[in-house]
Amino acid sequence: MGPTSEKRATPSFTESDEVFESAAEVFRVMSAPMRLKIISSLCNGEKNVGELLREINTTQPNMSQHLNTLYQSGVLGKRRDGVQIFYRIINERVVTLCRAVCTQIAIESDAESR
């Protein structure tokens, strides 16, 4: 290779890229208000779909879709008891992030309304 044919470095996937990818996935999962409501409801312990539907105003198919997204992304775990499926939070990092963001927004909203 001559001096003019400098070899270009190809960008590699670094550890920081992996961190940003993981963070973006967490934000994607938390981007739906319905999923935030589900996470908030499950902070107090596991619940089945019927219990969640009594607390959160939505349809059963919509609830199931959001629960499946949260389960597939590793936020929720589930167990079957007879015909009932109970969901619980298994990713506390998401809960911590959700609480921090929602608490800050509530504080700012309260300050603005004064």
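Data block above holds the structure.
Right, let's walk through the structure included here. Since the structure is predicted, the reported quantities are computational estimates derived from the model, not experimental observations. Residue numbers restart at each chain and count upward from 1, following the sequence in its written direction. Under the rules for a predicted model, residues below a pLDDT of 70 receive no local features and side-chain atom pairs below 80 are neither given nor counted, while totals for whole chains, interfaces and linings still include all residues. The basis for every side-chain value is the complete set of heavy atoms in the structure, and neither hydrogens nor water enter the calculation.

### What about the pairing of strand β3 (residues 84–89)?
Part 1: Note on pairing: two strands pair once DSSP finds at least 2 bridges between them. Here a helix means four or more residues in a row that DSSP labels H or I, a strand means two or more in a row labelled E, and each is numbered from the N terminus. Direction of pairing for strand β1 (residues 47–48) relative to β3: antiparallel, over a ladder of 2 bridges. Bridge assignment links lysine 47 to a residue of β3, and that residue is tyrosine 87.
Part 2: Relative to β3, strand β2 (residues 76–81) is paired through 6 bridges, and the arrangement is antiparallel. Across the sheet, the residue bridging to arginine 79 is phenylalanine 86, located in β3.
Part 3: Here β2 folds back onto β3 in antiparallel fashion, the turn holding 2 residues, of which glycine 82 has a positive phi close to 65°.

### Details of the sheet that holds β1
Part 1: Read across the open sheet, the 3 strands follow the order β1-β3-β2; overall the sheet is antiparallel. A single partner strand is all that each edge strand has here, and the edge strands are β1 and β2.
Part 2: We call two residues contacting when some pair of their heavy atoms lies within 4.5 Å. Helix axes use the C-alpha atoms of the stretch in contact, all axes being lines fitted to C-alpha atoms, and the angles between their N-to-C directions lie in the range 0 to 180 degrees. Its contacts with the sheet place helix α2 (residues 33–42) against β1, β2 and β3, and it is angled at close to 90° to β3.
Part 3: Each of β2 and β3 touches helix α4 (residues 60–72); the most contacted strand, β2, lies at about 115° to it.

### Regarding the nonpolar core
Part 1: Definition used in this section: a nonpolar core is a set of buried Ala, Val, Leu, Ile, Met, Phe, Trp, Tyr and Cys residues joined via side-chain atoms within 4.5 Å. Whether a residue is buried, partly exposed or exposed follows from its accessible area with a 1.4 Å probe, protein chains only, as a fraction of its type maximum: under 20%, in between, or over 50%, in that order. Counting 20 residues, the largest nonpolar core has Ile38, Ile39, Leu67 and Leu76 as its most contacted members.
Part 2: Elements that contribute at least two residues to this core include exactly α1 (15–29), α2, α3 (49–55), α4, β3 and α5 (92–112).
Part 3: The biggest single contributor to this core is α2, with 4 residues.
Part 4: Dropping the residues within four chain positions of it, leucine 76 is found in contact with Ile38, Leu42, Leu67, Leu70, Tyr71, Tyr87, Arg88, Ile89 and Ile90.

### Quick look at α4
Part 1: An expected span of 1.5 Å times one less than the residue number is assigned to each helix. An ideal rise of 1.5 Å per residue puts 18 Å on 13 residues; α4 measures up with 18 Å between its terminal C-alpha atoms.
Part 2: Met63, His66, Leu67 and Leu70 are the residues of α4 that are buried. Buried residues of α4 fall within an arc of 100° about the axis and therefore sit on the same side. Pointing more than 90 degrees away from the buried face of α4 are the exposed residues Pro61, Gln65 and Gln72.
Part 3: Looking at the buried positions of α4, the neighbouring elements they touch are α1, α2, α3, β2 and β3. Directions pointing from the helix axis toward each C-beta atom define the arc.

### What to know about the packing of α2 against α4
In a pair of packed helices, the angle between the axes and the distance between the axes together describe the arrangement.
Part 1: For the pair α2 and α4, the least separation of the axes is 10 Å and the interaxial angle reads 75°. When the axis of α2 is compared with that of α4, the two are roughly perpendicular. Here Met34, Arg35, Ile38 and Ile39 of α2 come into contact with α4, specifically with Asn62, Met63, His66, Leu67, Thr69 and Leu70.
Part 2: Ten residue types, Ala, Val, Leu, Ile, Met, Phe, Trp, Tyr, Cys and Pro, are classed as nonpolar, four, Asp, Glu, Lys and Arg, as charged, and the remainder, Gly among them, as polar. Its residues assigned to classes, the contact of α2 with α4 shows 6 nonpolar, 3 polar and 1 charged. Note that the term roughly parallel is reserved for angles under 35 degrees, roughly antiparallel for angles over 145, roughly perpendicular for angles of 65 to 115, and oblique for everything else.

### Focus on the packing of aromatic side chains
Part 1: When the centres of two rings from Phe, Tyr and Trp lie within 6.5 Å, Trp using its six-membered ring, the rings pair. Their planes under 30 degrees apart give stacked, over 60 give edge-to-face, and anything left gives tilted. Under the definition given, this model contains 0 aromatic pairs.
Part 2: Here the guanidinium or amino end of lysine 78 rests over the ring plane of tyrosine 71, the centre of that ring lying 4.3 Å away.
Part 3: Just above the ring of phenylalanine 86 sits the side chain of arginine 79; from NZ or CZ to the centre is 4.6 Å. Think of it as a cone above the ring: NZ of Lys or CZ of Arg counts as a charge over the ring if it is within 6 Å of the ring centre and within 35 degrees of the ring normal.

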